[in-house]
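Read off the chains here:
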Amino acid sequence: MKTYIVQSIKITLILLVLLSGLYPLAIAAIGKLTPGHGDGETVMYKGRVVGYALEGQKFTKDEYFWSRPSAANYQADAGAGSNKGPTNADYLNKDVKGRIDTFLKHNPTVKVEQIPAELVTASGSGLDPDLSPAGAKVQVARVAKARGLSEQQVLALVDAHTEGPLLGLFGPAKVNVLKLNVALDELKK
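What counts and how
- Residues numbered from 1 in each chain as written.
- Predicted model: local features only at pLDDT ≥ 70, side-chain atom pairs only at ≥ 80, totals over all residues.
- Heavy atoms only, no water.
- Salt bridge = Lys/Arg side-chain N within 4 Å of Asp/Glu carboxyl O.
- Helix = DSSP H or I, 4+ residues; strand = E, 2+ residues; numbered from the N terminus.
- Buried < 20%, exposed > 50% of the residue type's maximum accessible area, 1.4 Å probe, protein only.
- Phe/Tyr/Trp six-rings, centres within 6.5 Å; stacked < 30°, edge-to-face > 60°.
- Lys NZ or Arg CZ within 6 Å of the ring centre and 35° of its normal.
- Core = buried A, V, L, I, M, F, W, Y, C linked by side-chain atoms within 4.5 Å.
- Contact = heavy atoms within 4.5 Å.
- Axes fitted to C-alpha atoms, helices over the stretch in contact; angles between N-to-C directions.
- Parallel < 35°, antiparallel > 145°, perpendicular 65-115°, else oblique.
- Left-handed = near helix turned anticlockwise from the far one by under 90°.

Things to note about the pattern of salt bridges
Here's step 1: The tally for this structure, following the rule as stated, stands at 8 salt bridges.
Here's step 2: The residue Arg 142 makes a salt bridge to Asp 62 at a minimum N-O spacing of 3.9 Å. Here Arg 142, found in helix 4 (residues 140–147), pairs with Asp 62, found in the loop between strand 2 (48–52) and helix 2 (89–106); they are 80 residues apart in sequence, far enough to count as distant.
Here's step 3: By relative accessible area, which is 27% here, Asp 62 ends up partly exposed.
Here's step 4: Measuring nitrogen to oxygen at the nearest pair gives 3.5 Å for the salt bridge that ties Arg 68 to Asp 128.

Here it is, written out as structure tokens:
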């Protein structure tokens, strides 16, 4: 019996050192090798931080590309999905329909069937920073008109900020909304 207690104490101490000490240090060291050096990849504009590349932000002005809706109201500390799906009539009739109506009001050249689902449904985290290229391109006419730019200029900016799948294989193509909007603001310089 005494040997089992001694073995249990030894394994507990070993696991405590490994999981509470060495593992967090290893993860922190790996984080220092990433963009932002483990503190997150910040996006700068005019010498100041305007946000983080991996956290969605709310944009509602017509001169900006809008992000995916957030069930957490874009609060990183409250990031969560709504847990409402396509079988929830209340969600479809109120939230999604309201988002569609708002989108169409601000994008009068777009038809309902052209709106990607990502622009009217909240993501699982509520903080998605990216849109699909289609989600960005459907907004080009509105942004171009609001900024007094040609649609070709704005479309070229979307294309320049479209990232392909990781290693050309994993995941979809995407456009980071914050980086794209900062690039739009930089056009005014």
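From this point on, the discussion continues.
A few points about the packing of aromatic side chains
Each pair of aromatic rings is reported with the distance of its centres and the angle of its planes.
Here's step 1: Tallied over the entire structure, the rule returns 2 aromatic pairs.
Here's step 2: Ring centres 5.6 Å apart and planes at 40° place the aromatic pair Phe 59 and Tyr 64 in the tilted group.
Here's step 3: The buried category is assigned to Tyr 64, whose relative accessible area is 17%.
Here's step 4: Across from the ring centre of Tyr 64, 4.9 Å away, lies the NZ or CZ of Arg 147, which sits over that ring.

Remarks on the nonpolar core
Here's step 1: If you look at the biggest cluster of nonpolar residues, it comprises 31 residues, and the most contacted ones within it are Phe 65, Phe 103, Ile 115, Val 158 and Leu 180.
Here's step 2: Elements with a minimum of two residues in this core: strand 1 (42–45), helix 2, helix 4, helix 5 (151–160) and helix 6 (177–187).
Here's step 3: At 6 residues, the largest contribution of residues to this core is made by helix 6.
Here's step 4: Setting aside its immediate chain neighbours within four residues, Leu 180 contacts Phe 65, Ala 136, Leu 157, Val 158, His 161 and Val 175.

A few points about the packing of helix 4 against helix 5
Here's step 1: One way to put it is that helix 4 packs onto helix 5 with a least axis distance of 9 Å and a crossing angle of 120°. As summarised for this structure, helix 4 and helix 5 are arranged oblique, according to the angle between their axes. Here the hand of the crossing between helix 4 and helix 5 comes out right-handed. Contacts between helix 4 and helix 5 pair Val 140, Ala 141, Val 143 and Ala 144 from the former with Glu 151, Val 154, Leu 155 and Val 158 from the latter.

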